[in-house]
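This is what each chain is made of:
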Amino acid sequence: MIKKYKDYSLKIGLIFTVASAVFSFVMTWLIYADAATIGRIADNLYDCGVDAIGTFICAALFYGTMRQDGEGTMEFRSLNVMVSANFVLNFLMYYTVRIPEYNGFTFTFILLNKLLDLGIIYYFYQYVKKTLGFEGRLARWADKLIPVLLVFENLVVLSNIIGPTTFFVNDSGSYQNTGVPLAEDVFLIVTSLLTTILIIRSESPRSQKIAALTFIFLPLIIFLTTMGEYGNASQYGMTLMSLVIMYCIIFNYNSGKLQATQTELNMATEIQASMLPSIFPAFPNREEFDLYASMDPAKEVGGDFYDFFMVDEDHLGIVIADVSGKGVPAALFMMISKTVVQNYAMLGFGAAETLNKANEALCAQNKMQMFVTTWIGILELSTGKMTCASAGHEYPAVYHEGKFELLKDKHGLVLGGMDGARYKEYDIRLDKGDKIFVYTDGVPEATSANTELFGTDRMIDALNKNAEANPYDILKNVRAAVDDFVGAAEQFDDLTMLCLEYRGRKEKQRHD
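Computed from a predicted structure; not experimentally measured.

Peer 1: What is the right way to look at the packing of helix α12 (residues 455–464) against helix α13 (residues 471–486) in this model?
Peer 2: How two helices sit against one another is set out by the angle between their axes and by the gap between those axes. Closest axis-to-axis distance for the α12/α13 pair is 8 Å, and the angle between their directions is 135°. Put simply, α12 runs oblique to α13. Along this stretch, α12 crosses α13, giving a crossing that reads as right-handed. Touching Arg-458, Ala-462 and Leu-463 of α12 are Ile-474, Asn-477, Val-478, Ala-481 and Phe-485, all from α13. Taken together, the residues of the contact of α12 with α13 break down into six nonpolar, one polar and one charged.

Peer 1: I would appreciate a short explanation of helix α4 (residues 73–96) in the present structure.
Peer 2: Residues separated by three or four positions in an α-helix point in the same direction, a consequence of the helix having 3.6 residues per turn. Between the first and last C-alpha of α4 there are 35 Å, a value that for 24 residues agrees with the 34 Å anticipated at 1.5 Å per step. Among the 24 residues that make up α4, 20 are buried, leaving the element largely enclosed by the rest of the structure. Residue Arg-98 follows α4 closely and has a positive phi angle near 65°.

Peer 1: Just checking my understanding: could you explain the pairing of strand β10 (residues 426–429) for this structure?
Peer 2: On a regular strand, each side chain points to the face opposite its neighbour's, so the side chains alternate between the two faces of the sheet. Burial of the side chains of β10 is restricted to one face: Tyr-426 and Ile-428 are buried, whereas none of Asp-427 and Arg-429 on the reverse face is. One ladder, built from four bridges, connects strand β7 (residues 385–391) with β10; its direction is antiparallel. Note that in β10 the partner of Met-386 across the bridge is Ile-428.

Peer 1: Explain the sheet that holds strand β9 (residues 403–406) here, please?
Peer 2: Sheet strands line up and pair through hydrogen bonds in the backbone, either parallel or antiparallel. Taken in spatial order, the five strands of this open sheet run β3-β12-β11-β8-β9, and their pairing is antiparallel. Strands with a single pairing partner mark the edges of an open sheet, and in this sheet they are β3 (289–296) and β9. Each neighbouring strand pair of the sheet contributes to a mean axis angle of 15°, computed without reference to strand direction. Sheet strands touched by α12: β8 (397–400), β9 and β11 (435–439). Its angle to β9, the strand with the most contacts, is close to 160°.

Peer 1: Explain the side chain of Glu-501 here, please?
Peer 2: Examined against the element boundaries, Glu-501 turns out to sit in strand β12 (residues 495–502). According to the relative accessible area criterion, Glu-501 is buried, its value standing at 13%. With sequence-adjacent residues up to four places away left out, Glu-501 is seen in contact with Glu-288, Phe-289, Asp-290, Gly-433, Asp-434, Lys-435, Asn-470 and Pro-471.

Peer 1: Can you walk me through unusual backbone geometry in this structure?
Peer 2: Most peptide bonds take the trans configuration, and most residues that are not glycine carry a negative phi. A cis amide bond, omega 0°, links Phe-280 with the succeeding residue Pro-281. In this model, Glu-401 sits at a positive phi of 55°, which is unusual for a non-glycine residue. Here Glu-401 is to be found in the loop between β8 and β9. A relative accessible area of 72% places Glu-401 in the exposed class.

Rules used in this analysis
- Residues numbered from 1 in each chain as written.
- Predicted model: local features only at pLDDT ≥ 70, side-chain atom pairs only at ≥ 80, totals over all residues.
- Heavy atoms only, no water.
- Axes fitted to C-alpha atoms, helices over the stretch in contact; angles between N-to-C directions.
- Helix = DSSP H or I, 4+ residues; strand = E, 2+ residues; numbered from the N terminus.
- Parallel < 35°, antiparallel > 145°, perpendicular 65-115°, else oblique.
- Left-handed = near helix turned anticlockwise from the far one by under 90°.
- Contact = heavy atoms within 4.5 Å.
- Nonpolar A, V, L, I, M, F, W, Y, C, P; charged D, E, K, R; others polar.
- Expected span 1.5 Å × (residues − 1).
- Buried < 20%, exposed > 50% of the residue type's maximum accessible area, 1.4 Å probe, protein only.
- Pairing = 2+ DSSP bridges.

What follows is the structure, given as structure tokens:
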């Protein structure tokens, strides 16, 4: 759902900036074509040119950010949209100002322009905070003060609807300040000052600091130099120029770092995938069983894992687990957990003792206090007896006598949760043709666009849709059911499944 909303907002933003550019071009042509208008606002034709070019640049900048992501990207796009909107409002003000019958429109355009100014300053602060990284007591203080000032300033500006607090439009259609226009500038002055100090104090490269500071000082310099001689468009033109500078220096620098991080994540995905057994049929020379497993991470790398291995000629071990958290930390803990559990199982320890030993090892150096739910089963191929133990993992589903049913087994504490935790074993007797299906919570907790969970009941229904199928088709059916249920909603958790079918030994092998 989040991805769908993001795609929708990007389309709306691009449409708005492009429409603003087209509108500004058309308005410029109309102003030049209207001799009366030219005579009325001849001094502001410069502004019209800046507005027209500015909206086109805003559209280009917004388009340039659409395929990129990372810290501050949303705020940068928002700045583009707001600056573009202000250019359009400038056009509308120039077209209606000093025409008495348009007083209501002029007042509305000025009011919206002032509100957008506040939004631009606020989103600039949010952008540099995320991209440059503000830390310390002053940054925490600014985070509390700036939103309060923003609300206050919005109320001051909106109060002009009731009566002239800071400005009004006189009978001849001209804009006039009241005796307290500085009330509008409290937020601007305080936020600009705090942001300037935080930018200078940040540990970002000097080039990024200078690029960020242009957003504050270029419009201020042009205003002090011209004293508003060329209208608001001059200041917004400088604001846009600083956006271009920040795009070239800060935005692209961070996008480059993101690209490098993405490359590393792709490598981590390949490394993680190589850690999991992925060749099927897993043991083509063994006719006693068939199995299939899959793992689909919610991010580039995940915390789920499965494993299967021959302990000896007559025992097969299968493991499924879910590490707390997501992303790279969970993936690192996953690889450690997988290695530890497999090593103890391969040494010949039973299911419960394997978890006991693994828990001791994971608790010994667990400064991050991560944990992993784990289910392990060790199948004796000659008899069909499977010895199992669970460290807080999901209930397995067992196929017997024509249908799958949930087996509510004995649960122990998660691995890494508490040193000294002990785990208990239980046995499952698999007859020829029986299956066992194990999974992580990404299956029952798969969430639809309506925030409804898939649940174990739907999972069992999906398993029984064609319960006689082989393990590969069993997993395929469950995944299809999850996908149909979830629809366009984003996958929030790793989704891992393993299905084992016990086929038993041939009679000839039994006599041997």
